[in-house]
Amino acid sequence: MSLSNLRPAEGSTKTGKRIGRGTGSGLGGTSTRGHKGAKSRSGYSKKIGFEGGQMPIQRRLPKFGFKNINRVEYKAINLDVLQRLAETKKLAKIDIQTLIDAGFISSNQLVKILGNGAVTTKVDVEAHAFSKTAEAAIQAIGGTVTKLK
């Protein structure tokens, strides 16, 4: 046994169809493409969504919906997350950089503080937006709320 006499197992390989090599091969003439039509031509490629000339579904169905180009998207952070962060790192002030360092947001995200949970320690919070309940809860325990632009 050597590299020069290695062969694939019996019956594991087949020779490919040699189309377009004359009528004697049985695969000449139209070369398995049938007669006429787009698929018989060279360079044919079906367009995405093509339905054989029938009006495609993306043109039959009406357009709907609305995408507000002025929408401002915030990353929501709840009060219980702020409380946990203040306890574990013993913080009196939580700002955007603190949240980035803790891995809650990325540097290009806007933050909105929501009122789910409770804050028991006095903290000064800086964020882009606050819900009314979150703002009231932070101020109720003596903390301050600073809205960023």
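The shown structure was predicted, so the numbers you read here are calculated from the model rather than taken from an experiment.

Basis of the calculations
Here the residue numbering is sequential within each chain, running from 1 through the sequence in written order. Local features in this predicted model are restricted to residues of pLDDT 70 or higher, and side-chain atom pairs are both shown and tallied only at a pLDDT of 80 or more, whereas totals for entire chains, interfaces and linings draw on every residue. Side-chain numbers here rest on the full set of heavy atoms in the structure, without hydrogens or water. By definition, any uninterrupted DSSP run of H or I lasting at least four residues is a helix, any uninterrupted run of E lasting at least two residues is a strand, and each is numbered from the N terminus. Burial status follows relative accessibility: with a 1.4 Å probe on protein chains alone, a residue under 20% of its type maximum counts as buried, one over 50% as exposed, and anything between as partly exposed. Throughout, a residue-residue contact means that at least one pair of heavy atoms, one from each residue, lies within 4.5 Å. Strand pairing requires that DSSP identify at least two bridges connecting the strands. We define a nonpolar core as any set of buried Ala, Val, Leu, Ile, Met, Phe, Trp, Tyr and Cys residues linked to one another through side-chain atoms lying within 4.5 Å. UniProt positions are given in the numbering used here, feature names are shortened, and annotations may be inferred rather than shown by experiment. For this document, the term salt bridge refers to a Lys or Arg side-chain nitrogen within 4 Å of an Asp or Glu carboxyl oxygen.

Details of the side chain of S131
You can see S131 is positioned in the loop between strand 5 (129–130) and helix 4 (132–140). Taking the relative accessible area as the measure of exposure, S131 reaches 15% and is therefore buried. Once residues lying within four places of it in the same chain are set aside, the contact partners of S131 are K112, I113, L114 and G115.

Quick notes on the sheet that holds strand 4 (residues 124–127)
The strand order across the open sheet built from three strands is 2-4-6, with neighbouring strands paired in parallel fashion. The sheet is open, and its two borders are formed by strand 2 (93–94) and strand 6 (145–147), each paired with just one other strand. Both strand 2 and strand 4 contribute to a ladder of two bridges, which runs parallel. Residue pairing across strands places K93 opposite D124, the latter belonging to strand 4.

Some remarks on helix 2 (residues 79–89)
Every buried residue belonging to helix 2 is among L79, V81, L82, Q83, L85 and A86, and all of these are buried. As for helix 2, its buried residues are in contact with strand 1 (74–78), strand 2, helix 3 (96–102), strand 3 (110–114), strand 4 and helix 4. Immediately downstream of helix 2, the backbone of K90 shows phi near 50°, a positive value.

Re the environment of G34
Here G34 lies in the segment before helix 1 (57–60). As a C-alpha pair, G34 and L61 span 27 residues in sequence and 34 Å in three-dimensional space.

Examining the sheet that holds strand 5
With parallel pairing, three strands are arranged side by side in an open sheet as 1-3-5. Either end of the sheet is taken by a strand with one partner, and the two such strands are strand 1 and strand 5. Taken together, the five bridges between strand 1 and strand 3 define a ladder with parallel strand orientation. Bridging across to strand 3, K75 finds its partner in V111.

Details of the nonpolar core
Residues I77, L82, L99, V111 and I113 are the most contacted members of the largest nonpolar core, which totals 20 residues. At the level of elements, helix 2, helix 3, strand 3, strand 4 and helix 4 are the ones that each hand at least two residues to this core. Excluding its chain neighbours within four sequence positions, the residues that come into contact with I113 are I77, L79, L82, V125, A127, A129, F130, S131, A134 and I138.

Some details on the UniProt feature "domain: Large ribosomal subunit protein uL15/eL18" (unreviewed entry) in the protein chain
UniProt tags residues 77–146 as "domain: Large ribosomal subunit protein uL15/eL18" (unreviewed entry). Between the first and last C-alpha atoms of residues 77–146 the distance is 15 Å; the span itself is 39% helix and 24% strand.

Let's talk about the environment of E73
One can find E73 in the loop between helix 1 and strand 1. Among the residues examined, E73 registers a relative accessible area of 58% and is labelled exposed. In sequence terms E73 and Q109 are 36 residues apart; their C-alpha atoms lie 8.2 Å from each other.

Some points on the pattern of salt bridges
Evaluated as defined, the whole model comprises four salt bridges. A salt bridge links R71 to E73; the nearest nitrogen and oxygen atoms lie 3.2 Å apart. Side by side, R71 and E73 carry an identical accessibility label, which is exposed. Of the charged contacts, one joins K147 and E135 as a salt bridge, the two residues approaching to 3.8 Å between their closest N and O atoms. Residue K147 is located in strand 6, and its partner E135 is located in helix 4; the two are separated by 12 residues in the primary sequence.

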